[in-house]
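Notes for the structure review
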Amino acid sequence: GESVGLHLPTLSVQEGDNSIINCAYSNSASDYFIWYKQESGKGPQFIIDIRSNMDKRQGQRVTVLLNKTVKHLSLQIAATQPGDSAVYFCAEWDSSYKLIFGSGTRLLVRP
Amino acid sequence: GAVVSQHPSWVICKSGTSVKIECRSLDFQATTMFWYRQFPKQSLMLMATSNEGSKATYEQGVEKDKFLINHASLTLSTLTVTSAHPEDSSFYICSTLRAGADTQYFGPGTRLTVL
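About the criteria used
Sequence order sets the numbering: in each chain, residues are counted from 1 along the sequence as written. To label them, take the chains in the order written and letter them from A, then take the ligands in the order written and number them from 1. Local features in this predicted model are restricted to residues whose pLDDT is 70 or higher, and side-chain atom pairs enter the listing and the counts only when it is 80 or higher, whereas totals over whole chains, interfaces and linings include all residues. Note that the side-chain values use all heavy atoms of the structure and ignore hydrogens as well as water. Any two residues whose heavy atoms approach within 4.5 Å are treated as being in contact. Reported buried area values correspond to the accessible surface (1.4 Å probe) lost by two parts on association, with both partners' losses combined. Only one rule defines a salt bridge in this text: a Lys or Arg side-chain nitrogen within 4 Å of an Asp or Glu carboxyl oxygen. We define a polar contact as two N or O atoms separated by no more than 3.5 Å, with the added condition that, inside protein, one atom must be a possible hydrogen donor and the other a possible acceptor, whereas residues neighbouring each other in sequence contribute only through side-chain atom pairs. Per-residue accessibility, obtained with a 1.4 Å probe over protein chains only, is compared with the maximum for each type, and a residue is labelled buried under 20%, exposed over 50%, and partly exposed between these values. Within 6.5 Å between ring centres, the rings of Phe, Tyr and Trp (the latter by its six-membered ring) count as paired, and their orientation is classed by plane angle as stacked under 30 degrees, edge-to-face over 60, tilted in between. Secondary structure counts use DSSP, requiring at least four H or I residues in a row for a helix and at least two E residues in a row for a strand, with both numbered from the N terminus. Nonpolar side chains (Val, Leu, Ile, Met, Phe, Trp, Tyr) are joined into patches within 5 Å and like charges within 9 Å, using only residues with over 30% relative accessible area and no salt bridge. Each accessible area value is a Shrake-Rupley result obtained with a 1.4 Å probe; residue values ignore everything except the protein chains displayed when judging cover. Here a cavity denotes a set of grid points, spaced 1 Å apart and computed over the protein atoms alone, in which a 1.4 Å probe fits but from which it cannot get out, and a pocket denotes an open set meeting protein on both sides within 12 Å along at least five of seven lines; residues with an atom within 4 Å of a point are reported as lining. Grid points are joined across faces, edges and corners, and a volume is the space filled by probe spheres set on the points. When residue character is reported, Ala, Val, Leu, Ile, Met, Phe, Trp, Tyr, Cys and Pro are called nonpolar, Asp, Glu, Lys and Arg charged, and the others, Gly included, polar. Disulfide: a pair of cysteine sulfur atoms within 2.5 Å of each other.

1. What to know about the interface of chain B and chain A
- Between chain B and chain A, the residue contacts involve 18 residues of the former and 18 residues of the latter.
- Roughly 1,400 Å² is buried in total at the junction of chain B and chain A, and carbon and sulfur atoms are behind 56% of that figure.
- Sorting the residues of chain B by area buried against chain A places B:S43, B:D102 and B:F106 first, and these three jointly supply 34% of that buried surface.
- Where B:E59 meets A:K98, a salt bridge forms, and the shortest distance between an N and an O atom there is 2.8 Å.
- Across the chain B-chain A interface, the total number found is six residue pairs in polar contact (both at pLDDT 80 or more).

Here is the structure:
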């Protein structure tokens, strides 16, 4: 079935370093992917999205890379800050226009 | 991004009672809203898709008679958990989808605890 999964459940980084969060997806037909940030006790917050006709998209301090060949998605956060500590989810639109969420990666930023 | 509110932000109820959760789209009319459930340390799972003026579409395994969804206006959808039991304790989150757009914007969530 369709699924979106993550390689690392927890990522610990030093403040100021770059963070890379990875995600694998299984549906090769997916054409729209989104990264969300969820802080404790809050709803998911949109970070950045990318369509399948692109392999890279940049935002403010964040970059999403899409490798359709190996069905892999990554989120790069530059100069990680304490406020970046949260759980990050990748999500994809399935063919029925529903969001399928990955299992999530917790990012811990060490001061 | 869109602004979505939920009320209440948390609720504690006794087993067997019903609880209503409201989801409001504050800055645009949302023809489609989604309801998700999230258990601790787990991902979001879609429960149902709520369409204004029509019946909600439930995901497999979600009891439509237990989780009643009403989307009576373009800015308000409600989820009622009927005859709640402790296993219904969870974080319930709604999202809105602007017509013609792909991005979902999420509400702050409602923490339900059933004693």
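Okay, back to it.
2. Some details on the pattern of salt bridges
Residue and element names in this part refer to chain A.
- Applying the stated criterion to the full structure yields six salt bridges over all chains.
- For E39, the salt bridge identified is with K42, shortest N-O distance 3.9 Å.
- Owing to a relative accessible area of 30%, E39 belongs among the partly exposed residues under this scheme.
- Overall, K42 belongs to the partly exposed group, its relative accessible area being 44%.

3. Re the packing of aromatic side chains
- This structure, assessed with the given rule, holds 10 aromatic pairs over all chains.
- Their ring planes at 80° and their centres at 6.4 Å tell us that A:Y36 and A:F46 sit as a pair that is edge-to-face. You can see A:Y36 sitting in strand β4 (residues 32-38) and its partner A:F46 sitting in strand β5 (residues 45-51), a full 10 residues away along the chain.
- The exposure class of A:F46 is partly exposed, given its relative accessible area of 27%.
- With centroids separated by 5.1 Å and ring planes inclined at 90°, the aromatic side chains of A:Y36 and B:F106 adopt a geometry described as edge-to-face. With A:Y36 in strand β4 and B:F106 in strand β10 (residues 104-106), this pair bridges two chains.

4. Here we look at a nonpolar patch on the surface
- Among the surface-exposed residues, B:W10, B:I12 and B:L115 lie close enough to one another that they form a single nonpolar patch of about 390 Å² accessible area.
- Topologically, B:I12 is positioned in strand β2 (residues 10-13).

5. Let's talk about the layout of surface pockets
- Computed from the structure, the largest pocket encloses a volume of approximately 460 Å³.
- Together, 21 residues line the largest pocket, and A:V87, A:R106, B:Q38, B:K41 and B:Q42 are the ones closest to its centre.
- Listed by contribution, the elements that provide at least two residues to the lining of the largest pocket are β9 (86-93) and β11 (105-110) of chain A.
- The greatest single-element share of the lining of the largest pocket, amounting to three residues, is contributed by β9(A).
- Class assignment for the residues of the lining of the largest pocket results in seven nonpolar, nine polar and five charged.
- Of the pockets and cavities examined, the second largest pocket occupies roughly 270 Å³.
- Taken together, 13 residues line the second largest pocket, and the ones lying closest to its centre are B:L44, B:M45, B:L46, B:M47 and B:E59.

6. What about the state of the cysteines?
All names here are of chain B.
- As enumerated under the stated definition, the model contains two disulfides over all chains in all.
- Linked covalently through their sulfurs, C23 and C94 form a disulfide whose S-S length is 2.0 Å. Handedness of the C23-C94 disulfide follows from its S-S torsion of about 80°: it is right-handed. In this pair, C23 is assigned in strand β3 (residues 19-25) and C94 in strand β9 (residues 90-97), connecting sequence segments 71 residues apart. Across this residue pair, the class does not change: C23 and C94 are buried.

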